[in-house]
Amino acid sequence: MIIAERKSITDIWQMIEPFKRIALIGCRGCVTVCMAGGAKEVAVLAAALRLAAHERGRELVVFEEMVERQCEYEFIRPLQRSYPQEQAVEGLVSLACGIGVQALAECFPHLPVLPGLNTSFLGMPERSGVWVERCHACGQCILDSTGAICPIARCAKNLLNGPCGGSQEGMCEIGNGVECAWHLIYERLARLNRLDSLQSLALPKNWAKDRDGGPRRLIREDWEDEV
Amino acid sequence: MKQQVAVEPISGALNKHKVQPVLVLGAGITADYAAQRLSSAHKIVQIKWGPVADLPLDWLLKQEALEKGRIESSWEKIKAVALLDWSGQVGEYILRIQLENGEVRDLRGKAVVIALDALPVSTLAWGWPGPANSSRPLEETITLSDLTTRLTPVLASSSGRPERDGLSVWAAGHNVGILLGPGGLEAAPNTLLAIKCALVLKQQVDCRVGIFYEELAVGAGAIEALYQESRQAGVEFYRYTEFPQVIEQEAQLRIIYRDPSLPDHFPPWEIPVTLIATATEYYPSKEIETVATLAGLPTGPDGFLLSDTLHAWGGQTNRKGIYCVGMARGLLRLMDLPEEVAGVAVDLGQGSSREKTLLLAQVDPLLCEVCLTCFRVCPHRAIEITDCTKRSSHGKLYKQAAWIHPEACQGCGICIAECPAQAINGADPLQPESKLDPDSGWHFFMLDNGELYQARTREDFSGNQGPVRLVVLACRQSGFLAVQTLTRLLPFYRPQLKLGILAEIAVYPVACAGWIDDLTVLRCLEDGADKVLICSCHSGACQHQYGNHRAKKRLRLTEQYLQEIGLKDRLDFYTLAGQNYLQWLTWLKKIINQLKSH
Amino acid sequence: MKSGSNLEKVLKAGHFAVCTEIGPPKSCDAEVIKRHSETLNGYADAYNVTDNQTAIVRLSSLAASSILVTQGLDPVLQMTCRDRNRIGLQSDLLGAAALGIKNVLCLTGDHQSFGNHPEAKNVYDLDSIQLIHTVRQMRDEGRFLCGEEMKVRPAMFIGCVANPFADPFEFRAIRLEKKVAAGADFVQTQAILDMERFERFMEKVRERGLHERTYILAGLMPIKSARMARYMQKNVAGMMVSEEICQRLEKAEEVKAEAVELVVEQIHQVRQIKGVAGVHLMAVAWEEIIPMIVQKAGLYPRPECDES
């Protein structure tokens, strides 16, 4: 799941400074689940912006909309009917991940689309209100050799050959309560009696499948050349 | 869209499953007592699992408490070696147990009574007894419980004559030292036993008896009178700060006791004894931990179930249809066992003795994103994740959705506040039509002279008078009770008063402060409130475990971004108990004066 | 001879080697490096030049090493994986060889969050073990990481670090073995401030026969003050400072003299441990004390090794 957090209201306020009529567009997907861009957050942000405008004696109309998944054109298009003329609103604030912001912008070519969230990482809730990073989307999964614990996403230095010298008592040298991924891997492999897999040298990784290979595009063979 | 839903009393859920038994969990005295008492009206299946405490109930409870409920209509006993799983809800709980032969069995019950004994740990745990200067086992020791067994015939017979003779033979010439372990109130049952035994030994056999203690729980369970009686009878009491040593000298046991009131250089006393009785200490067993985890019940700081929960009276827990009585809540609770079991009996038989909830949460399955927030946060474990196509007529849009068990829901509204999809509804006390409903809100004016009046009619309270406007969201268990008391003391407002209105105050009850979210606060401010005041129960006193705590943490965040948008001091939090109406009034006046001067 | 560096010659000849460290300045002042090299010249067999240590921007390790070469010292070029990808690392390695640098120490590098640019993007394209592998492949096979051949091979004496004080302890010897297998000719350990743990580590090392496949230099650090020792004991990840060391510094009347005394004692201790081929003295911001330590430990003068 994509984890995101809302930008500070000050940041959002500055972004919408030029506009008198805006719409906040939430998403019912990941960002609802991570409490950043669901119906509640849209309503709260709208109320806060209206209050702020009232406090400053500024005219501001805020519309609230929810989209099933903001990363799909088909779900966004009904919105185009809600705002047929561009003069209806002057700007859209997307409370979705960065993907949603861009999809929204593609559907509204003549309207400014602003991000209301900071898209943080791919992760999961450890418990209510606490999310942790688990995958880096590097494009070439190595979890088979690392005891199903990802050192790319979870080691601060994305090391591939074991813990660096900064690992102490299971914690990473960068602090902040970050666990040493390699310590976890070591313990898990020891439990599975598979420590031997750590003896062999992991050769340099092919990062071309990560973002370093340029923007990625995935095509299922059977859909190639289809319209 | 938002509507109030009538709540079926708990008895409804229980009656539907009348054929199902009540499961009583525990192998010891607590469970035996609870099962027997409840068996007069319910089919009982007792799961014999967990430790057995070595305490004589007949010495600890009043005689009439023991004699009630002698009818045993149906009382099945099943011995279990493990509790593997706990599922279901009020009306039908399913406990998966493992039998001695390894067989796994599911037991169903309309309700479960947790009646686990605490784990007895002999005082030997401190390396005692045993004379410090000898390695031979001490034959002259007896546990306090064994002592009561020896003395029971005396206590039981009204004349006391024949048994006392037997006792005299056994006890004659004994010098008895009763050693109570360290600890205060929790050891009350031991204190009671010690004093009762001492009295019998002193009065019936005329032994010399001394009780050694660190703290004597005379305040608990009306022990005070017995304590006075035993002092007058000549029982000796020795308070220690360091646990006394026992030595053996010339075949004579001596308790080495240091009087804490004497200076250090004084030599310790040597008290010769011929018999030493020791009390047993009780700790939460691992079974308690298992139950807490599987059933979702909180444990207190001492490790006992719900030991520090103020609202868990009468055997109730945070989950409907699950009760917890006696020692599972701590040793002291054993003495309240009759009252607690009576509470369970009432709850099981006549519907909840608890105040009916007004707010019942319902999930709109079409809006639910199954984020599990409510499922994780519900303090009553009332929320299940179900296949919503079974329950929805809207077709299969989602495979799963949260569903709130209407009988298990206790209406706190915490889930409503936490739901990021706004998929959960409950009664909304801010709806205009309910504003002057005396059941849902009270309205006050503060006049220029500083006096407080209550509004009589909707016309009186236009919601737009006076320079200061306040909205108070008050928990029904605390703040709203205080305000209700005030309404009996405050006069009604009359326009003839010819005084300007300084402030108008609208007070709305909420089921729990945990219901209040940032959106509620923002909406109140949008509606023109100058300040929103939240009144909740004291920390640790929430009927819904942590509703007040969640509200406080959530609204601290709200305050932060209110500040970000330039709204300072627009939200305040006040914790109080229901009877603190005067303090509340003082606080309210202070806030109005602050706002006036701005 | 793999590289013909002074360090390699000393170790090959069976002498107990001494390395020390020179930290480049936080400016482009080459004089600082020259001053240090003059102070330390003759007191060690090779001189580590740190690479933006603790992620603080300093004069580049490559440039500083080159200055040492012109001063007649044998530098150990430290290379971390934090700031350069495999292209930059290989390129700098070729450059280093061209400038007459013959030792390279491959490290992962401290995380940038410790340094003065915590907002930087890190690289870590390779990790230290992969870097060792890369250098060895360039030197022994004359091929870049991608497999392409090169005409002149960089003759490098390849070093790595080992930290016996990091966790999991059991893995530390395994990790060292990986480094040796990847091509590490010598090893410098993290500063030993807990001798007992180091001895346990060496036991594991000997069990795997690593001391026969690589040269192990024990890292030692004089600590100027008791406060610093306590700080490292509590706050520095990957360091362990024994209670004894802290207390000795706390009780000492002359703390600096005691610090020297401690290091000299430690040198004698590690010489007794089987498999230790030398010491690596790290006197962070106290370089001037090195000559005294080396002298007191009876390691002065350093052996002269001929070309062979």
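Residues numbered from 1 in each chain as written. Chains lettered and ligands numbered in written order. Predicted model: local features only at pLDDT ≥ 70, side-chain atom pairs only at ≥ 80, totals over all residues. Heavy atoms only, no water.

### Some remarks on the overall build of chain A
Link 1 in the chain: Looking only at helices and strands, chain A has seven helices and seven strands in total.
Link 2 in the chain: Ordered by position from N to C terminus, the α and β elements of chain A give β-α-β-α-α-β-α-β-α-β-β-β-α-α.
Link 3 in the chain: Total accessible area on chain A stands at roughly 11,500 Å², and carbon and sulfur atoms take up 50% of it. (Helix = DSSP H or I, 4+ residues; strand = E, 2+ residues; numbered from the N terminus. Areas by Shrake-Rupley, 256 points an atom, 1.4 Å probe, with all protein chains shown as cover.)

### A few points about the sheet that holds strand β10 (residues 208-213) of chain B
Residue and element names in this part refer to chain B.
Link 1 in the chain: Across the sheet, five strands lie side by side as β8-β15-β9-β10-β11; this open sheet has parallel pairing. Whereas interior strands pair on both sides, the edge strands pair on one side only; in this sheet they are β8 (141-143) and β11 (236-239). Each neighbouring strand pair of the sheet contributes to a mean axis angle of 20°, computed without reference to strand direction.
Link 2 in the chain: Sheet topology places β8 next to strand β15 (residues 275-278); three bridges connect them, and they run parallel. In the sheet register, Ile-142 faces β15, and the bridge partner there is Ala-277. (Pairing = 2+ DSSP bridges. Axes fitted to C-alpha atoms, helices over the stretch in contact; angles between N-to-C directions.)

### A word on the interface of chain A and chain B
Link 1 in the chain: Tallying the contact residues gives 24 residues for chain A and 27 residues for chain B.
Link 2 in the chain: For the chain A and chain B pair, buried surface summed over both sides reaches about 2,200 Å², with 58% attributable to carbon and sulfur atoms.
Link 3 in the chain: Applying the counting rule to chain A against chain B returns three salt bridges.
Link 4 in the chain: Of the charged contacts in the structure, one is a salt bridge between Arg-50 of chain A and Glu-526 of chain B, with a shortest N-O distance of 2.8 Å.
Link 5 in the chain: Taken together, the connections running from chain A to chain B amount to nine residue pairs in polar contact (both at pLDDT 80 or more).
Link 6 in the chain: Within the residue set of the side of chain A that touches chain B, elements represented by two or more residues are α1 (9-15), α2 (30-33) and α3 (39-55) of chain A.
Link 7 in the chain: Broken down by element, the side of chain A that touches chain B gets its largest block of residues, eleven residues, from α3 of chain A.
Link 8 in the chain: Here the side of chain A that touches chain B is built from residues that sort into eleven nonpolar, five polar and eight charged. (Contact = heavy atoms within 4.5 Å. Buried area = accessible area lost by both parts, 1.4 Å probe. Salt bridge = Lys/Arg side-chain N within 4 Å of Asp/Glu carboxyl O. Polar contact = N/O pair within 3.5 Å; in protein donor to acceptor, adjacent residues only side chain to side chain. Nonpolar A, V, L, I, M, F, W, Y, C, P; charged D, E, K, R; others polar.)

### Section: the layout of surface pockets
Link 1 in the chain: The calculated volume of the largest pocket comes to roughly 2,100 Å³.
Link 2 in the chain: Taken together, 47 residues line the largest pocket, and the ones lying closest to its centre are His-136, Ala-137, Asp-210, Arg-211 and Arg-216 of chain A.
Link 3 in the chain: Of all the secondary structure elements, the ones that give two or more residues to the lining of the largest pocket are α5 (98-107), β6 (117-127), β7 (130-135) and α6 (151-154) of chain A together with α4 (86-98) of chain C.
Link 4 in the chain: In terms of residue count, the dominant contributor to the lining of the largest pocket is β6 of chain A (five residues).
Link 5 in the chain: Counting the residues that make up the lining of the largest pocket, at least three belong to each of domain 1 (2-120) and domain 2 (136-213) of chain A. (1 Å grid on protein atoms, 1.4 Å probe; cavity = no way out; pocket = protein on both sides within 12 Å on 5 of 7 lines; lining within 4 Å. Points joined across faces, edges and corners; volume = space filled by probe spheres on them. Domains from an automatic or database assignment.)

### With respect to the pattern of salt bridges
Link 1 in the chain: Within the structure shown, the criterion is met by 46 salt bridges over all chains.
Link 2 in the chain: Taking the shortest distance from any N to any O, the salt bridge between Glu-72 of chain A and Arg-69 of chain A comes out at 2.9 Å.
Link 3 in the chain: The partly exposed category is assigned to Glu-72 of chain A, whose relative accessible area is 27%.
Link 4 in the chain: Judged by its relative accessible area of 36%, Arg-69 of chain A falls in the partly exposed class.
Link 5 in the chain: Here Asp-106 of chain B and Arg-96 of chain B are joined by a salt bridge, their closest N and O atoms 2.8 Å apart. Here Asp-106 of chain B is found in strand β5 (residues 104-109), whereas its partner Arg-96 of chain B is found in strand β4 (residues 92-99), with ten residues between them in sequence.
Link 6 in the chain: Look at Asp-106 of chain B and you get partly exposed, because its relative accessible area is 31%.
Link 7 in the chain: Taking the relative accessible area as the measure of exposure, Arg-96 of chain B reaches 36% and is therefore partly exposed. (Buried < 20%, exposed > 50% of the residue type's maximum accessible area, 1.4 Å probe, protein only.)

### Remarks on empty space enclosed by the protein
Residue and element names in this part refer to chain A.
Link 1 in the chain: Evaluation of the coordinates by the stated rule reveals ten cavities of 30 Å³ or more.
Link 2 in the chain: Put simply, the largest cavity is a space of about 120 Å³.
Link 3 in the chain: Cys-155, Ala-156, Cys-164, Cys-172 and Cys-180 are the residues nearest the centre of the largest cavity, which is lined by 16 residues in total.
Link 4 in the chain: Here the lining of the largest cavity is built from residues that sort into nine nonpolar, three polar and four charged.

### Description of the packing of aromatic side chains
Link 1 in the chain: What the rule picks out here adds up to 15 aromatic pairs over all chains.
Link 2 in the chain: Through a chain of ring-to-ring contacts, three or more aromatic side chains come together here, namely Phe-212, Tyr-238, Tyr-257 and Trp-269 of chain B.
Link 3 in the chain: Geometry around Trp-13 of chain A places Arg-58 of chain A over its ring, the cationic atom sitting 4.7 Å from the centre.
Link 4 in the chain: The ring centre of Trp-75 of chain B lies 4.3 Å from the NZ or CZ of Lys-77 of chain B, which sits over that ring. (Phe/Tyr/Trp six-rings, centres within 6.5 Å; stacked < 30°, edge-to-face > 60°. Lys NZ or Arg CZ within 6 Å of the ring centre and 35° of its normal.)

### A short note on the sheet that holds strand β13 (residues 252-257) of chain B
Residue and element names in this part refer to chain B.
Link 1 in the chain: If you trace the three strands from one edge of the open sheet to the other, you get β12-β13-β14, paired in antiparallel fashion. In this open sheet, the two edge strands, each paired with only one partner strand, are β12 (245-249) and β14 (269-273). Averaged over all pairs of adjacent strands, the angle between strand axes in this sheet comes to 35°, irrespective of strand direction.
Link 2 in the chain: Relative to β14, β13 runs antiparallel, the two sharing five bridges. Each residue of the ladder has a partner; that of Arg-254, found in β14, is Pro-272.

### What about a nonpolar patch on the surface?
Residues and elements named next belong to chain B.
Link 1 in the chain: Taken together, the side chains of Leu-262, Phe-266 and Trp-269 define a hydrophobic patch exposed on the protein surface, amounting to about 250 Å² of accessible area.
Link 2 in the chain: Structurally, Phe-266 can be placed in the loop between β13 and β14.
Link 3 in the chain: Assessed through its relative accessible area of 38%, Phe-266 is described here as partly exposed. (Patch = residues over 30% accessible without salt bridge, like charges linked within 9 Å, V, L, I, M, F, W, Y side chains within 5 Å.)

### Overview of the interface of chain A and chain C
Link 1 in the chain: Facing the 28 residues of chain A at the interface are 36 residues of chain C.
Link 2 in the chain: Across the chain A-chain C interface, the total number found is zero salt bridges.
Link 3 in the chain: Taken together, the links from chain A to chain C amount to 23 residue pairs in polar contact (both at pLDDT 80 or more).
Link 4 in the chain: Taken together, the residues that form the side of chain A that touches chain C break down as 13 nonpolar, eleven polar and four charged.

### Details of a negative patch on the surface
Link 1 in the chain: Taken together, Glu-221, Glu-224, Asp-225 and Glu-226 of chain A make up a surface patch of like negative charges.
Link 2 in the chain: Counting through the fold element by element, Glu-226 of chain A comes out in the segment after α7 (181-191). (Lys, Arg positive; Asp, Glu negative; His and termini not counted. Charge placed at Lys NZ, Arg CZ, Asp CG, Glu CD.)

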